[in-house]
Amino acid sequence: MAEKDQAPYPLVPANGRARSDEESVTAAHSAELRKKKRMKCIAYVVAFAVFQTIIIAVFALTVMRIKSPKFRVREASFLSTFDVTNASFNLAMDTQFTVKNTNFGHFKYDYGSVTFAYKGMAIGETQIGEARVRARSTKKVNAIVTLSANNLPSNSGLSFDLGLGLLRLTSYSKLDGKVQLMKVIKKKKSAQMDCSMEINLRLRTIQNLQCM
């Protein structure tokens, strides 16, 4: 009877160890998730920093890089004044020039002039008024140029070229100005011209027009 009156020992729950294992697995899984989240955050920060660096580099190499505008003879035609003899000429040429600005800021240039020459000797000149060329655009400028052989020496070889019907000319100029970016950055730049061409005296046209 004494044995029956003794209290039984408390039993350990059968699933105690299983719960402990589940909690360990859950904790490890949570730690792994937190680690992955941190790695993703770091990856995003690094990717953003690389992206920003690329944007700044592209901006510096394109937008902030200021180039010299280009000044060219685009085309020309002749008016009613077209007097040519065996040893002289007097021509009125309607000329169109272009100022090409490839920068991301406008180009403002001062007064300038364009000189036309035969074998390095000036035979005509025209004035170019000050103006402004918008960013990444081309401005057309028209002018009448009088070409005359009055100041050429007698030994220039002009008679030979006139006999061939071809007059080989060059034109040169320099327009000084400034390129302005974002109303803050201003940099002095010049648009230079260095062109060559031929006047076909028989056809009264310009041919083989080339500009450097």
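Above this note sits the structure.
Participant: Quick rundown of the overall build of the protein? Include the residues and the values.
Facilitator: Scanning the protein from terminus to terminus reveals 3 helices and 10 strands. Ordered by position in the sequence, the α and β elements of the protein form the string α-α-β-β-β-β-β-β-β-α-β-β-β. A buried classification covers 32% of the 212 residues belonging to the protein. Partitioning the intrachain contacts of the protein with sequence separation of at least 6 by distance along the chain shows that 66% fall at a separation of at least 24. Put simply, the protein shows about 14600 Å² of open surface, and 55% of that area lies on carbon and sulfur atoms.

Participant: Which residues make up the pattern of salt bridges, and what values do they have?
Facilitator: Per the counting criterion, the structure on display carries 3 salt bridges. The partner of Arg74 in a salt bridge is Glu75, with the nearest N and O atoms 3.5 Å apart. The class for Arg74 is partly exposed, based on a relative accessible area of 43%. Of the charged contacts, one joins Glu198 and Arg168 as a salt bridge, the two residues approaching to 3.4 Å between their closest N and O atoms. Of this pair, Glu198 sits in strand S9 (residues 185–200) while Arg168 is found in strand S8 (residues 166–181), placing the two residues 30 residues apart along the sequence. The network of salt bridges with common partners includes Asp161, Arg168 and Glu198.

Participant: Lay out the nonpolar core in plain terms, naming residues and giving numbers.
Facilitator: Generally speaking, nonpolar side chains in soluble globular proteins are found buried as a group. Among the nonpolar cores identified, the biggest contains 39 residues, and Phe71, Phe89, Phe97, Tyr109, Phe116 and Leu147 are the most heavily contacted of them. Excluding residues that lie within four positions of it along the chain, Phe89 makes contacts with Asp83, Val84, Ile123, Leu147, Ser148, Ala149, Leu152, Leu158, Leu162 and Leu167.

Participant: Explain the state of the cysteines to me, and be specific about the residues and the numbers.
Facilitator: Taken as a whole and judged by the stated rule, the model has 1 disulfide. Shown here is the disulfide that connects Cys195 with Cys211, its sulfur atoms set 2.0 Å apart. Classification of the bridge connecting Cys195 and Cys211 rests on its S-S torsion, roughly 105 degrees, and on that basis the disulfide is right-handed. Taken as a pair, Cys195 in strand S9 and Cys211 in strand S10 (residues 205–211) lie far apart in primary sequence, 16 residues in all. Judged by relative accessible area, Cys211 falls into the partly exposed class, the value being 26%.

Participant: So what about unusual backbone geometry? Which residues, and what values?
Facilitator: Trans is the prevailing form of peptide bonds, just as negative phi is the prevailing case for residues other than glycine. If you check the backbone angles, Met182 has positive phi at about 55 degrees while not being a glycine. For Met182, the position within the fold is in the loop between S8 and S9. For Met182, a relative accessible area of 54% corresponds to the exposed category. A positive phi is found at Arg204, a non-glycine position, where the angle reads about 55 degrees. In this fold, Arg204 is placed in the loop between S9 and S10. Arg204 gets classed as partly exposed once you look at its relative accessible area, which sits at 45%.

Participant: Summarise the side chain of Arg72; cite the residues concerned and give the values.
Facilitator: Here Arg72 lies in strand S1 (residues 70–84). Nearest to the buried, unbridged Arg72 among oppositely charged side chains is Asp194, at 8.5 Å. Excluding anything up to four places from it in sequence, Arg72 contacts Gln96, Phe97, Thr98, Gln192, Met193, Cys195, Cys211 and Met212.

Participant: Pulling in residues and values, what's your account of the pairing of strand S3 (residues 106–109)?
Facilitator: Two elements, S3 and S8, share 4 bridges in a ladder whose sense is antiparallel. Paired with Tyr109 across the bridge in S8 is Gly177. Note: S3 against strand S6 (residues 131–133), 3 bridges, orientation antiparallel. Across the sheet, Lys108 pairs through a bridge with Arg132, a residue of S6.

Participant: Explain the environment of Ser77 to me, using residue names and the numbers behind them.
Facilitator: With respect to the helices and strands, Ser77 occurs in strand S1. With 127 residues separating them in the primary sequence, Ser77 and Arg204 have C-alpha atoms 7.8 Å apart.

Participant: Before we move on, can you summarise the environment of Ser156 with the specific residues and values?
Facilitator: Within the secondary structure, Ser156 is located in the loop between strand S7 (137–148) and helix H3 (158–164). Using a relative accessible area of 9% as the deciding quantity, one classes Ser156 as buried. With sequence-adjacent residues up to four places away left out, Ser156 is seen in contact with Tyr118, Lys119 and Met121. In this structure the side chain of Ser156 is engaged in a polar contact, spanning 3.4 Å, whose partner is the backbone nitrogen of Leu158.

Calculation criteria
- Residues numbered from 1 in each chain as written.
- Predicted model: local features only at pLDDT ≥ 70, side-chain atom pairs only at ≥ 80, totals over all residues.
- Heavy atoms only, no water.
- Helix = DSSP H or I, 4+ residues; strand = E, 2+ residues; numbered from the N terminus.
- Buried < 20%, exposed > 50% of the residue type's maximum accessible area, 1.4 Å probe, protein only.
- Contact = heavy atoms within 4.5 Å.
- Areas by Shrake-Rupley, 256 points an atom, 1.4 Å probe, with all protein chains shown as cover.
- Salt bridge = Lys/Arg side-chain N within 4 Å of Asp/Glu carboxyl O.
- Core = buried A, V, L, I, M, F, W, Y, C linked by side-chain atoms within 4.5 Å.
- Disulfide = S-S within 2.5 Å.
- Lys, Arg positive; Asp, Glu negative; His and termini not counted.
- Pairing = 2+ DSSP bridges.
- Polar contact = N/O pair within 3.5 Å; in protein donor to acceptor, adjacent residues only side chain to side chain.

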